[in-house]
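Structural description and commentary
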Amino acid sequence: MKFILLLIFSLSLYSQTSVFTVRMLFIRSDRPEVVTKINAFATALENQLNSYNWDFPHNDFERIETNININIEKIVSGNTFSGMITVSSGPASDQRYFVPLSKNIFFTERDLNFVIDYDNDPKLENNIPGSVETLVMFYSLLAMGENFDRFSFTDRPNFRLEGDFYYQQMYSMENILTGAGDRRDWDRRLELINTYRMERNTGLRRLNALMYNAVYFINTGKSPRAKLFIEPIKEIIGSDLNITEDFFTRNFYALAEIFATGTEEDMAFLIGKDPSREAFYKNRAGRSGRTGQTR
């Protein structure tokens, strides 16, 4: 594969931060005192996430935004609840860009049981397998890893994926599972741990990094450099990697603008991989001059 040496430096001028929003939705008109305490607990947990020392691998980004929503369906017993968690995350900026930054990192887990000790302050690193804090910490590390995969410097064919910095911390959480019941409750999370640890999704992670870097150059008025990413992106999409419809749903706009910097054959390749958006892609073809920041 013919590759390109590309680095991102200018974003280091920004103040780097990670912003979390935590919401716990529990609708129980007969338990208003519990609802009030859970809301206060969620706010305290959000504050702890925002003050946590995330020790970023590098500073070449402006802001990461992560939304964590926990829908509580019922009380199982005492302060144990059942419900689901939904996490969305992605890079953000105060700048307005031609290709908008988006929260296209998404995770959800259903049919959960978790403990909310709402009479006490949350402990973000309590290492209790069934606590809501541990659940939130797991998905926060996963989201941070996915963000830094995108922020990786694509400076060589075997470029380093920066998300590993956080995945290593995520892997260590398996050590707190001391019983069969804990491992059963963590089935979905253990599956995610093994997917990343066994490098089953490395192709997709590298694809996300290439796309983010290409979009950066489009948004900074350097489309000719974005064009250089098309071949390595095509190589991954054209491999036996299982690219799902969900990937195109989350990334079709960015893909259209990246491939619009290339040739008709490049756009035809993209249409062949995502034919349901043929009209959209054809409309973007040949419009690579409309790039750069908009304010």
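Look above for the structure.
Now for a look at the structure at hand. Since we're looking at a predicted model, the values are computed, not measured. Every chain is numbered independently, its residues counted from 1 as its sequence is written. At least 70 in pLDDT is required for a residue's local features to be given in this predicted model, at least 80 for side-chain atom pairs to be given and counted, and no such filter applies to totals for whole chains, interfaces and linings, which use all residues. Side-chain calculation: all heavy atoms of the structure are included, whereas hydrogens and water are not.

1. Description of the overall build of the chain
Looking only at helices and strands, the chain features eleven helices and four strands. A globule of 295 residues ought to have a C-alpha radius of gyration of about 19 Å, and the chain, at 21 Å, matches this closely. Expressed as lengths along the three principal axes of its C-alpha atoms, the size of the chain is roughly 60 × 40 × 35 Å. The buried label goes to any residue with under 20% of its type's maximum accessible area, the exposed label to any with over 50%, and the partly exposed label to all in between, with areas taken from a 1.4 Å probe on protein chains only. Of all 295 residues assigned to the chain, the portion counted as buried reaches 49%. Per element, the accessible surface of the chain, about 14,200 Å² overall, is 48% carbon and sulfur. Elements are defined by DSSP. Helices are runs of H or I of four residues or more, strands are runs of E of two residues or more, and each kind is numbered from the N terminus. Using C-alpha atoms as the atom set, the radius of gyration is obtained and then compared with a globule rule of 2.2 Å times the number of residues to the power 0.38. With residues, only the protein chains shown are counted as cover, and all accessible areas are computed by Shrake-Rupley using a 1.4 Å probe.

2. Focus: the environment of Ser172
Assignment of secondary structure puts Ser172 in helix H3 (residues 164–172). You can call Ser172 partly exposed: its relative accessible area is 38%. Put simply, Ser172 and Arg28 are 144 residues apart on the chain and 36 Å apart in space, counted from C-alpha to C-alpha.

3. A word on the side chain of Ser93
Examined against the element boundaries, Ser93 turns out to sit in the loop between strand E3 (80–92) and strand E4 (105–115). Exposure remark for Ser93: the relative accessible area of 18% places this residue in the buried category. What qualifies as a polar contact is a pair of N or O atoms within 3.5 Å, subject to a donor-acceptor requirement within protein and to the restriction that residues adjacent in sequence count only when both atoms come from side chains. At 2.7 Å, the side chain of Ser93 and the side chain of Glu62 are in polar contact. At 3.0 Å, the side chain of Ser93 and the backbone nitrogen of Gln95 are in polar contact. Two residues form a contact once any of their heavy atoms are found within 4.5 Å. Here Ser93 is in contact with Glu62, Arg63 and Leu101, once residues within four sequence places are set aside.

4. Observations concerning helix H5 (residues 187–197)
Those residues of H5 that sit buried are Arg189, Leu190, Leu192, Ile193 and Tyr196. Take H5 and look down its axis: the buried residues cluster within an arc of 155 degrees, on one side only. In the stretch just after H5, Glu199 is the one whose phi turns positive, near 60 degrees. Think of the arc as the fan of directions from the helix axis to the C-beta atoms.

5. Description of the pairing of strand E2 (residues 63–77)
Paired strands, as defined in this entry, are two strands with at least two bridges between them according to DSSP. Looking at chain direction, strand E1 (residues 17–25) and E2 are connected through nine bridges and run parallel. Of the residues in E2, the one forming a bridge with Phe20 is Thr66. Relative to E3, E2 is paired through 13 bridges, and the arrangement is antiparallel. Directly across from Arg63, in E3, lies its bridge partner Ala92. Here E2 folds back onto E3 in antiparallel fashion, the turn holding two residues, of which Gly78 has a positive phi close to 55 degrees.

6. Focus on helix H2 (residues 132–150)
Count 3.6 residues to each turn of an α-helix, and residues three or four apart come out pointing the same way. If you check H2, its first and last C-alpha atoms are 27 Å apart, about what 19 residues at 1.5 Å a residue would give, namely 27 Å. With 19 of 19 residues buried, H2 lies mostly within the body of the structure. Expected span, for any helix, means 1.5 Å times one less than how many residues it has.

7. A few points about the environment of Asp155
Locating Asp155 in the fold gives a position in the loop between H2 and H3. Since its relative accessible area comes to 16%, Asp155 is described here as buried. There is a polar contact of 2.9 Å between the side chain of Asp155 and the side chain of Arg156.

8. Re the packing of helix H6 (residues 202–219) against helix H9 (residues 245–259)
Lines fitted to C-alpha atoms define the axes here, with helix axes fitted over just the stretch in contact, and angles between the N-to-C directions of these axes take values from 0 to 180 degrees. Their axes nearest at 10 Å, the elements H6 and H9 cross at an angle of 40 degrees. Relative to H9, the element H6 lies oblique. Here H6 and H9 pass one another in a crossing that is left-handed. Judged by residue contacts, Leu204, Leu207, Asn208, Met211, Ala214, Val215 and Ile218 of H6 engage Phe247, Asn251, Ala254, Leu255, Glu257 and Ile258 from H9. These descriptions rest on fixed angle ranges, namely under 35 degrees for roughly parallel, over 145 for roughly antiparallel, 65 to 115 for roughly perpendicular, and the rest for oblique. Here a crossing is called left-handed whenever its near helix is offset anticlockwise from the far helix by less than a right angle, and right-handed whenever the offset is clockwise.

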